[in-house]
Amino acid sequence: MNIDQILESQRKYFQSGATLPVSFRIEMLKKLKNTVRKYETEIGSALKADLGKSDYESYMCETGLVLSELSYMIRHTRRFAAEHRVHTPLAQFASRSYKKLSPYGNTLIMSPWNYPFLLTIDPLADAIAAGNTAIVKPSAYSPATSEIIGQIISECFPPEYIAVVTGGRKENASLLEKKFDFVFFTGSQNVGKEVLRHTAETLTPAVLELGGKSPCIVDSTAKLKLAAKRIVFGKYLNCGQTCVAPDYILCHKSIKERLVKEICGQIKLQYGNDPLSNADYGKIINEKHFDRLLRLIDKDKTVIGGTANKNTLQIAPTVMDNVTWDDAVMQEEIFGPIMPILTFEDFDEVYSLLAEKPKPLALYLFSEDRRRIREVTERRSYGGGCVNDTIIHLATSEMGFGGFGESGMGSYHGKEGFDTFSHSKSIVDKKTWLDLPMRYQPYKKGLYGKLLHLFLR
């Protein structure tokens, strides 16, 4: 079927009410979970082909998180979908007031290439739990993973319920020309703007999961050895191709030399003396991004790394010192294994600097000063983050994940994901055995007026 046929069949399927029963949604989530388990080996092989991910990293960062989200939604969907009763004002006596979450309907999920399995199936799990149909559009840059996603979904669901559309820009453009009830997009800011332009034309609600230059602040009280260990893990995971990876370090001038030394030591501990020969170290997604990243590396400022292998599309974990805000590496989201280090002398300077920057998807702070931690988390605007760690805030279904401003809009995971793919209806169920007369014309003064004033207070 072509896109128009798929969308039309999904409209009819949703309108039939087939996706609405909670028992059906849970059954579909269980079916998807079992099928993902069945294809764990194939998923790992696909991620290895596309991004060079090891089996361990593939499970830790993609398949395992998907299974966790599916399990969470299976356990909680019935509770999430239940009507929620709220207080009824006296003026509306006698009635029952409640909120009812209803699926949007026909949804579009557009996913990226950096975590191609996780960032496709996670939002799909939320969409299914909320009772929607979905067309899934994985990235053309990760073809092996797109293929296994298509195999899993076609085995689980008929296309009038969940369908996969593959392809590149032509297919993306075609999908965005269609009228959906809801669009969920994960990717770059530039493409996110195009998505929002198209959805605005049809007044379609959309969630944008974007990115940006996420700062990692290290103050003078931080435990540097542990900070370096956790920063290196978060920065070079998936070769830095993580939307919430620390983009750059902003550290206190007094501890910079020690921090650089600890980071260089951690790179050797975690990746070996020759990271490019490490079988568990991945690769850059394609030659275009490989060449872009190499242009950001200033050899004169590189203190470790900087080596690359074009045949394998690998760039070693790289640290650049004495970087300025004017350097090329600070003009765009890096999205690769290059870590610039900048310094500050007082936090007023930090607050002023970051206030002028676009709102990042994440912010990380390494500090033992509780007052400073409270101050930074209150004063700075960002999507989410960690204190004394990196990236792990996204690995839970108990908290929503998303950005705002330039880093996106809306969130998902767990209850937040269920709500994101749902519309909350506010409903008053008015009883017929009593009808208070004060609201009807002809209006009467005196006692009725006093009663109305009392009821509406």
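Now for a quick tour of the structure. If you're wondering where the values come from, they're calculated on a predicted model, not measured in any experiment. (Residues numbered from 1 in each chain as written. Predicted model: local features only at pLDDT ≥ 70, side-chain atom pairs only at ≥ 80, totals over all residues. Heavy atoms only, no water.)

Right, let's get into the pairing of strand β6 (residues 182–186). Counting buried positions over the five residues of β6 gives five, a clear majority of the element. Neither face of β6 is open: one carries Phe182, Phe184 and Thr186, the other Val183 and Phe185, and all of them are buried. By the bridge criterion, four bridges tie strand β3 (residues 106–110) to β6 in an arrangement that is parallel. Bridge assignment links Thr107 to a residue of β6, and that residue is Phe182. Bridging between β6 and strand β7 (residues 206–209) involves four bridges; their strand directions are parallel. Across the sheet, Thr186 pairs through a bridge with Glu209, a residue of β7. (Buried < 20%, exposed > 50% of the residue type's maximum accessible area, 1.4 Å probe, protein only. Helix = DSSP H or I, 4+ residues; strand = E, 2+ residues; numbered from the N terminus. Pairing = 2+ DSSP bridges.)

So, about the packing of helix α2 (residues 22–38) against helix α6 (residues 143–156). With their axes 10 Å apart at the nearest point, α2 and α6 run at an angle of 140° to one another. The orientation of α2 relative to α6 falls into the category oblique. With respect to the hand of their crossing, α2 and α6 are arranged in right-handed fashion. Where α2 abuts α6, its residues Lys31, Leu32, Thr35 and Lys38 lie against Ile152, Glu155 and Cys156. In terms of residue class, the contact of α2 with α6 is made up of three nonpolar, one polar and three charged. (Axes fitted to C-alpha atoms, helices over the stretch in contact; angles between N-to-C directions. Parallel < 35°, antiparallel > 145°, perpendicular 65-115°, else oblique. Left-handed = near helix turned anticlockwise from the far one by under 90°. Contact = heavy atoms within 4.5 Å. Nonpolar A, V, L, I, M, F, W, Y, C, P; charged D, E, K, R; others polar.)

Along the chain, the position of Asn106 falls in strand β3. From its side chain, Asn106 meets the backbone oxygen of Gln10 in a polar contact 3.0 Å long. (Polar contact = N/O pair within 3.5 Å; in protein donor to acceptor, adjacent residues only side chain to side chain.)

The next subject is a nonpolar patch on the surface. Among the surface-exposed residues, Leu90, Phe93 and Trp433 lie close enough to one another that they form a single nonpolar patch of about 360 Å² accessible area. Relative to the helices and strands, Trp433 resides in the loop between β18 (422–430) and α15 (447–456). (Patch = residues over 30% accessible without salt bridge, like charges linked within 9 Å, V, L, I, M, F, W, Y side chains within 5 Å. Areas by Shrake-Rupley, 256 points an atom, 1.4 Å probe, with all protein chains shown as cover. Salt bridge = Lys/Arg side-chain N within 4 Å of Asp/Glu carboxyl O.)

Here we take up unusual backbone geometry. Cis rather than trans, the peptide bond between Phe93 and Ala94 has omega equal to 0°. Here Ala94 shows up in the loop between β1 (84–86) and β2 (95–103). Here the residue pair Gln441 and Pro442 is connected by a cis peptide bond, since its omega of 0° sits within 30 degrees of zero. Looking at the element boundaries, Pro442 is found in the loop between β18 and α15. Within the chain, Leu313 stands out as a residue other than glycine whose phi angle is a positive 55°. Positionally, Leu313 belongs in the loop between β11 (308–309) and β12 (314–315). Its identity as a non-glycine residue notwithstanding, His413 has a phi of 95°, on the positive side.

Looking at the element boundaries, Asn114 is found in the loop between β3 and α5 (118–130). Judged by relative accessible area, Asn114 falls into the buried class, the value being 4%. A distance of 3.2 Å separates the side chain of Asn114 from the backbone oxygen of Gln241, its partner in a polar contact. With residues near it in sequence (within four places) discarded, Asn114 still touches Leu51, Lys53, Glu62, Leu119, Asn238, Gln241, Thr242, Cys243 and Phe335.

At their nearest, the axes of helix α12 (residues 347–355) and helix α13 (residues 370–379) sit 11 Å apart, and the two run at 15° to each other. As far as their axial angle goes, α13 and α12 are roughly parallel. For the pair α12 and α13, the crossing hand works out as right-handed. Note on element contacts: α13 touches α12 through Arg372, Glu375, Val376 and Arg379, opposite Phe347, Asp348 and Tyr351. Across the contact of α12 with α13, the residue classes break down as three nonpolar, no polar and four charged.

Here the focus is the sheet that holds strand β17 (residues 408–409). Strands in a sheet are paired, the pairing made by backbone hydrogen bonds, and the direction either parallel or antiparallel. With respect to topology, six strands assemble into an open sheet ordered β5-β4-β3-β6-β7-β17, the strand pairing being mixed. The sheet terminates laterally at β5 (162–164) and β17, the two strands that pair on one side only. Lying on the sheet, α5 is in contact with β3, β4 (133–137), β5 and β6; it crosses β3 at an angle near 165°. Its contacts with the sheet put helix α8 (residues 189–201) on β6, β7 and β17, and the angle it makes with β6 is roughly 175°.

Before going further, it helps to spend a moment on the nonpolar core. Residues Leu32, Leu124, Val218, Ile249 and Ile263 are the most contacted members of the largest nonpolar core, which totals 117 residues. At ten residues, the largest contribution of residues to this core is made by helix α4 (residues 55–81). Counting residues in hydrophobic clusters, the runner-up holds 17 residues, among them Leu108, Ala206, Leu208 and Leu210. (Core = buried A, V, L, I, M, F, W, Y, C linked by side-chain atoms within 4.5 Å.)

One can find Thr145 in helix α6. Considering only alpha carbons, one finds Thr145 and Glu42, 103 residues apart in sequence, at a separation of 8.9 Å. Residues in contact with Thr145, not counting those within four places in the same chain, are Ala46, Leu47, Asp50, Pro116 and Phe117.

For α6, built from 14 residues, the straight-helix expectation of 20 Å at 1.5 Å per residue is met to within 8% by its first-to-last C-alpha distance of 20 Å. For α6, the set of buried residues is Thr145, Ser146, Ile148, Ile149, Gly150, Ile152, Ile153 and Cys156. Where α6 is buried, its residues contact α2, α3 (40–51), α5, β4 and β5. (Expected span 1.5 Å × (residues − 1).)

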